[in-house]
Amino acid sequence: CTTTVIMLLHCTIAFAILQFSTAQYNYSAVLRHSVWFFEAQESGTLREGHRVSWRGDSATDDGQDKGLDLQSGWYDAGDHVKFNFPMAGSATLFAWSVIDFEAGYTKAGELDNARNAIRIPLDYFLECHSELPGCGQVADGFEDHAFWGRPEDMTMERDTFMLSGAAADLAGETAAALAAGAIVFQSVDSEYANRLGNKSVELYNWAYDNRG
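This is a predicted model, so every value here is computed, not measured. (Residues numbered from 1 in each chain as written. Predicted model: local features only at pLDDT ≥ 70, side-chain atom pairs only at ≥ 80, totals over all residues. Heavy atoms only, no water.)

### Observations concerning the sheet that holds strand E3 (residues 160-162)
Point 1. Ordered in space as E1-E2-E3, the three strands form an open sheet in which the pairing is antiparallel. Edge positions in the sheet fall to strand E1 (82-83) and E3, since each has one partner strand and no second.
Point 2. Bridging between strand E2 (residues 135-138) and E3 involves three bridges; their strand directions are antiparallel. For Cys 135, the partnering residue across the bridge sits in E3 and is Met 162. (Pairing = 2+ DSSP bridges. Helix = DSSP H or I, 4+ residues; strand = E, 2+ residues; numbered from the N terminus.)

### Describing helix H3 (residues 84-100)
Point 1. Between the first and last C-alpha of H3 there are 24 Å, a value that for 17 residues agrees with the 24 Å anticipated at 1.5 Å per step.
Point 2. Those residues of H3 lying buried are Asn 84, Met 87, Ala 88, Gly 89, Ser 90, Ala 91, Thr 92, Phe 94, Ala 95, Ser 97 and Val 98. (Expected span 1.5 Å × (residues − 1). Buried < 20%, exposed > 50% of the residue type's maximum accessible area, 1.4 Å probe, protein only.)

### Some remarks on the pairing of E2
Point 1. As defined by bridge partners, E1 adjoins E2 across two bridges and the pair is classed as antiparallel. Within E2, the position partnered with Phe 83 by the bridge is Gln 137.

### Observations regarding the pattern of salt bridges
Point 1. Applying the stated criterion across every chain, the model contains 13 salt bridges.
Point 2. Notably, a salt bridge pairs Asp 112 with Arg 115, separated by 3.8 Å at the nearest N-O pair. In this pair, Asp 112 and Arg 115 both sit in helix H5 (residues 111-128), three residues apart, roughly one turn of the helix.
Point 3. The salt bridge partner of Arg 119 is Asp 189, with a shortest N-O separation of 3.4 Å. With Arg 119 in helix H5 and Asp 189 in the loop between helix H7 (168-185) and helix H8 (190-209), the pair connects residues that are 70 residues apart, well separated along the chain.
Point 4. You can call Asp 189 partly exposed: its relative accessible area is 24%.
Point 5. By sharing partners, the salt bridges in this structure join Glu 39, Glu 42, Arg 47, Arg 51 and Glu 110 into a single network. (Salt bridge = Lys/Arg side-chain N within 4 Å of Asp/Glu carboxyl O.)

Structure below.
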């Protein structure tokens, strides 16, 4: 998944900012555009301060077929499915890069933007798993790949796919994303961090009890 590949670069870039900030290469600009990539992938009603001017609200009805509000989250690479597994993996790596290299994000002026970007999938996961086991995907890949257009122009039905008793790997990775997010937000929004941490424990326990 493109988002996972980009996330692997985050750690490298943040490390480079710390080590080579006086060199000729502008790692801060690379980091800024990497964070910007995730802002371009955001679904739903776009938050105030969203920096990608050519994006608009999209998929605002996601999850309604299951009584959920799943409009948030990241689209997957170049399509508009919300695959929770790569999204959770990317969110975990993104959050962990902020945990390990907060000084680099701060020096690049991207710490607040990174936190805002990470919050998008975390809010989505909290809603996905408001009741366990919860949702694992939004939109059908075949229908989505037959549509060549902007997410703002989608008109197809976007079904919500719920987890079953054999989804421990997906639930476990989502628990990891929530746990990493809890660490990121503990110093700036402890109430939100506690919500993330508590849901992470619940989801981890469900995954542990439903291995298969």
